[in-house]
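Descriptive analysis of the structure
Letter by letter, the chains look like this.
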Amino acid sequence: MELTTVWFLLIAVLWTGYFVLEGFDFGVGILLPFLGRDEAERGTLVRTIGPVWDGNEVWLLVAGGATFAAFPEWYATLFSGFYLPLFLILLALIVRGVALEYRAKSDGTRGWDRAFFWGSLGPAFLWGVAFANIVRGVPLDADHEYTGTLLDLLNPYALLGGLATLALFTLHGAVFTALKTTGELRERARTAARWTGLATLALGGAFLLITQLMTGTTATWASVAAAAAGIGGALAATLRGRDGWAFAANAAAIVAVTVTLFGGLWPDVMPALDPANSLTVHNAASTPYTLGVMTWVAVIFTPVVLAYQAWTYWVFRRRLQVTR
Amino acid sequence: MDVLDLSRWQFGITTVYHFLFVPLTIGLSVLVAGFQTAWHRTGDATYLRMTKFWGKLFLINFAMGVVTGIVQEFQFGMNWSAYSRFVGDVFGAPLAMEGLMAFFLESTFLGLWIFGWDKLPKRVHLATIWLAAIGTNLSAYFILAANSWMQHPVGYRLNPRTGRAELTDIWAVLTNVTTLAAFPHVVFGAFVTAGAFVAGVSVWQLARKREVALFRASARTALVVTLVASAGVMLSGHWQAQIMTEQQPMKMAAAEALWEDESSAGFSIFAVGDVENGRNHINIQIPYGLSLLATNTLDGKVEGINDIQARYEKTYGAGDYKPVVGLAYWSFRLMIGFGALAGLLALAGLWLTRRGRTPRGPWFHRIAVLGIGLPFLANTLGWIFTEMGRQPWTVFGIMRTAAAVSPGADVGEVAATLAGFTLVYAVLAVIEVRLLLKFIRKGPEPEDAVRRDDPALPALSY
């Protein structure tokens, strides 16, 4: 396999990891005001992700760093082109991270909970908008610089993509909360999972179907079907009270969605409206030497990271009780 | 102001702000790990209470470093896309390594440390804080390797076809002598920062006669750390200055307001310069000082700004190769001054608190509290010096800052994000300082509280 292919796959893996992991962090933040009726319940909800959210967010930083190293042109075009949406995502992540760390140390939690909610909802929506635009193609000039405006990014397809990821991550948060809590909180999370599950099927289904018809290949039909099956499975498992299976099924759905997006992209990394200006795995890539070095680094350290992060989830595997 | 100026302000503000938190994180992580190790070894509950008290302040600070660090990872692409395209092949590698090897380590194991008090065996729990501390220090290494490449590019070639820098030797980048000197300088600086912080807070608490045993132990430890680290900062800084003289003579000349090549050059203490005509009105010097510092000999030749300018015009073509001389001169001087003062205060503090003594009178704790600010000033001025002193280059000798900015950037958008980041950062700074003060005032938890393992409420957090 060519190294450019390896790195396309690795970056897809990093985004997948990010969406699967921080996806439920976002979902917990979005559901916080709806599921947590008093401070004790809200505190419990925050503690479900307390030990892991920061490690989850590093997946984004590594995806960014890896893109810089392996596909500098992609990194440069994407982040300079999607300037304001990225700025909003960064602000949201800043406010959200501080809220998570400071809420219980502060005298009042209300402001922090609001920050946590908006800081979760914003990126959950905007990542969908961003990826929809990447897949759809954006105006680039011959130097691969973005020539469009903010309004070009807010097209109906991209907004649908935003709603789809928003629903998907909210569902992910709901099944995660059901898995990590007990009693009333768990019941409320399961109810939320049913409703958001239906919304995800509708919004996500529409988005993936359009994506598939626009950029899909025969192979991505399989991932579209897998995504639908995952969400359906999450719903069915929730109805039967099998929280672990519901979470696993929805995680699989997120993997399938990411596979569909990246599968539709390949071999482009950022298609331009004028195909002559598109960034591909070849013209956006670093030299074979750099890719080779980074491949060794990734081959050695990715399994180590996966092992200790998995161990963290094992350590904190128990459900949390609401203590008043 | 144009896009270039606004982008530079944005990079300056976000980076200087980020680096207010980073040194304290690096230093405190190791101090807290040290306190926990002391508890582990001795079983003395005072050390456990120290671990938890300083650990809480460490976490409040750590959060700010993490969230402001996210911006750092992306703003090269946002505001400096031409730079990113030009250097990505080289510069991206240490950044990606930092994420994979350092960020994952610190964030994952810190989560385990915060929430793992009652879930992990004691020994394993101790290991988690050490792994987090190693992560923060590793992260400093990789980012300094990336920055050092901008100061002194090595291990690359310029591809004539694409006009871009390409990595040819990763080992050369990771063992760049500029990095090898910068890393101890920054890490020792971080220990001075953490030491001054712990010492200042402890002395303030001692003045209030609270928890005397605990804060005496904290203060003495921190003062030793500050003193030793100050010596490390000076030695590594000296080495750095010699490397700089050789690699970036213009930066050294600007730091000294040395206009002409000179043998037996003096070290300037105070100068009033005339930048337009390339000379000084007033210049008070320590004779031979600069030659001695820069070359280790009394009569070594140090290059001057006017001469280097002439040489660079021959090498790189017409242009102004001078950084802002006044800024370089004063930031360099004040960095050294504030850093040295922190070291001297630590020495004085150790003397004054020798053998169980605690000085009476408000001056002692007032100076100790003011002393907390010194390393922060020195760190900030140091980075302003090293980055502004490299101008007009963004990568020394191969890319100018003016060519690095995103060509498609819109003045309004950059201005808006600059205002947005600055505003949010200012608000967060107020919140952070208030939170630190709240927990400093509250003081350490009583012994039975830190010993109680309440699984529902991890002692340190949330």
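Please read these numbers as outputs of a predicted model, since none were measured by experiment. (Residues numbered from 1 in each chain as written. Chains lettered and ligands numbered in written order. Predicted model: local features only at pLDDT ≥ 70, side-chain atom pairs only at ≥ 80, totals over all residues.)

1. Comments concerning the overall build of chain A
The test is simple: The numbering of helices and of strands both runs from the N terminus, where a helix is a DSSP run of H or I of at least 4 residues and a strand a run of E of at least 2. To get the radius of gyration, use the C-alpha atoms; to get the globule rule, take the number of residues to the power 0.38 and multiply by 2.2 Å. Residue burial is a threshold on neighbouring C-beta atoms within 10 Å of the residue's own C-beta, all placed from the backbone, with 20 or more meaning buried, 12 or fewer meaning exposed, and counts in between meaning partly exposed. Each residue gets a C-beta atom placed from its backbone, and two residues are in contact if those atoms lie within 7 Å.
On a plain count of helices and strands, chain A comes out with 12 helices and 2 strands. In chain A, the succession of α and β elements from N to C terminus is α-α-α-α-α-α-α-α-α-α-α-β-β-α. Against the globule reference of 20 Å for 324 residues, chain A gives a C-alpha radius of gyration of 19 Å, in line with a compact fold. When its C-alpha atoms are laid out on the principal axes, chain A stretches across 60 × 35 × 35 Å. For chain A, the residues scored as buried account for 62% of the 324 residues in total. Put simply, of all contacts in chain A between residues at least 6 apart along the chain, 78% involve residues at least 24 apart.

2. Concerning the overall build of chain B
Scanning chain B from terminus to terminus reveals 15 helices and 8 strands. Taking 23 Å as the expected radius of gyration for a compact globule of 462 residues, we find that chain B reaches 24 Å, a close match to that expectation. Across its three principal axes, chain B shows a C-alpha extent of roughly 70 × 50 × 40 Å. Looking at chain B residue by residue over its 462 residues, the buried ones come to 52%. Long-range pairs, those at least 24 residues apart, make up 77% of the contacts in chain B between residues at least 6 apart in sequence.

3. Quick word on the pairing of strand E2 (residues 164-167) of chain B
All names here are of chain B. Basically, it comes down to this: One requirement defines pairing of two strands: DSSP has to find at least two bridges between them.
Judged from the 4 bridges that link them, strand E1 (residues 156-159) and E2 form a sheet pairing that is antiparallel. Bridge assignment links Asn159 to a residue of E2, and that residue is Arg164. Adjacent in sequence and paired antiparallel, E1 and E2 are bridged by 4 residues, among which Gly163 carries a positive phi angle near 70°.

4. Quick notes on the interface of chain A and chain B
How big an interface is tends to be stated in terms of the accessible area lost upon association of its parts. Our working definition: Lys, Arg, Asp and Glu make up the charged group, whereas Ala, Val, Leu, Ile, Met, Phe, Trp, Tyr, Cys and Pro make up the nonpolar group; the residues left over, Gly among them, are polar.
Listed per partner, the contact involves 59 residues of chain A and 55 residues of chain B. Where the side of chain A that touches chain B is concerned, the elements lending two or more residues are helix H2 (39-49), helix H3 (53-70), helix H4 (72-81), helix H5 (83-102) and helix H12 (288-315) of chain A. Considered class by class, the residues forming the side of chain A that touches chain B number 36 nonpolar, 17 polar and 6 charged.

5. Focus: the confidence of the model for chain A
Low-confidence regions, as indicated by low pLDDT, have predicted coordinates that should not be scrutinised in detail. We apply this condition: On a range of 0 to 100, pLDDT expresses the predictor's confidence in each residue.
Mean pLDDT over chain A stands at 94; residues scoring 70 or higher make up 100%. Averaged pLDDT values over the elements of chain A bottom out at 91 in helix H7 (residues 150-153) of chain A and peak at 97 in helix H8 (residues 156-180) of chain A.

6. Quick word on helix H10 (residues 218-239) of chain A
Residues and elements named next belong to chain A. Using the following cut-off: Multiply 1.5 Å by the residue count of a helix minus one, and that product is the helix's expected span.
Here H10 contains 22 residues, and its C-alpha end-to-end distance of 32 Å stays within 8% of the 32 Å for a straight helix at 1.5 Å per residue. Along H10, the residues that are buried comprise Thr220, Ser223, Val224, Ala227, Gly230, Ile231, Gly233, Ala234, Leu235, Ala237 and Thr238. At the C-terminal side of H10, Gly241 shows a positive phi close to 75°.

7. Things to note about helix H11 (residues 243-265) of chain A
Across its 23 residues, H11 of chain A extends 33 Å between first and last C-alpha, which sits within 8% of the 33 Å expected from 1.5 Å per residue. H11 of chain A sits mainly inside the fold: 18 of its 23 residues count as buried.

8. Details of the packing of helix H2 (residues 45-79) of chain B against helix H3 (residues 81-115) of chain B
Residues and elements named next belong to chain B. We count it as follows: Inter-axis angles, ranging from 0 to 180 degrees, are taken between N-to-C directions of lines fitted to C-alpha atoms, where helices are fitted over the stretch in contact. Roughly parallel means an angle under 35 degrees; roughly antiparallel, over 145; roughly perpendicular, 65 to 115; everything else is oblique. For any helix crossing, the convention is left-handed if the near helix is rotated counterclockwise from the far helix by under a right angle, and right-handed if that rotation is clockwise.
Where H2 contacts H3, the two axes come as close as 10 Å, and the packing angle between them is 155°. The orientation of H2 with respect to H3, classified from their angle, is roughly antiparallel. For the pair H2 and H3, the crossing hand works out as left-handed. On H3, the residues touching Leu59, Phe62, Phe76 and Gly77 of H2 are Ser81, Tyr83, Ser84, Leu110 and Ile114. Of the residues that constitute the contact of H2 with H3, the class distribution is 6 nonpolar, 3 polar and no charged.

9. Let's talk about the environment of Arg37 of chain A
Mapped onto the fold, Arg37 of chain A is located in the loop between helix H1 (3-35) and H2. The class for Arg37 of chain A is exposed, based on 12 C-beta atoms found within 10 Å.

10. What to know about the nonpolar core
Selection rule: Each nonpolar core comprises buried Ala, Val, Leu, Ile, Met, Phe, Trp, Tyr and Cys residues, the members being joined through C-beta atoms within 7 Å.
Val62, Leu90 and Val175 of chain A together with Ala96 of chain B are the most contacted members of the largest nonpolar core, which has 258 residues in total. Looking at this core, the element that brings in the most residues is H3 of chain B, giving 22 residues.

11. Thoughts on unusual backbone geometry
Trp266 of chain A connects to Pro267 of chain A through a cis peptide bond whose omega is 0°. For Pro267 of chain A, the location among the structural elements is in the loop between H11 and strand E1 (268-270). Between Gln391 of chain B and the following residue, Pro392 of chain B, the backbone shows a cis peptide bond with an omega angle of 10°. In this structure, Pro392 of chain B sits in the loop between helix H13 (373-388) and strand E7 (393-395). The residue Ser264 of chain B is not glycine, and still its phi comes out positive at about 55°. Looking at the secondary structure, you find Ser264 of chain B in the loop between strand E3 (262-263) and strand E4 (267-274). Located in the positive-phi region is Tyr288 of chain B, a residue other than glycine, with phi close to 65°. Here Tyr288 of chain B falls in the partly exposed class, since 17 other C-beta atoms lie within 10 Å of it.

12. Re the environment of Gly443 of chain B
Residues and elements named next belong to chain B. Along the polypeptide, Gly443 turns up in the loop between helix H14 (411-442) and helix H15 (447-451). Here the alpha-carbon distance between Gly443 and Ser202, two residues 241 residues apart in the chain, equals 9.9 Å. Beyond its immediate sequence surroundings of up to four residues, Gly443 is in contact with Gln205, Arg210 and Glu211.

13. Thoughts on the confidence of the model for chain B
Residues and elements named next belong to chain B. Averaged over every residue, the pLDDT of chain B is 92; the share at 70 or more is 97%. Scored below 50 in pLDDT, residues 454-462 makes 24 contacts in the model with residues more than four places away or belonging to other chains. Among the scores for the predicted complex, ipTM is 0.94 and pTM is 0.94.

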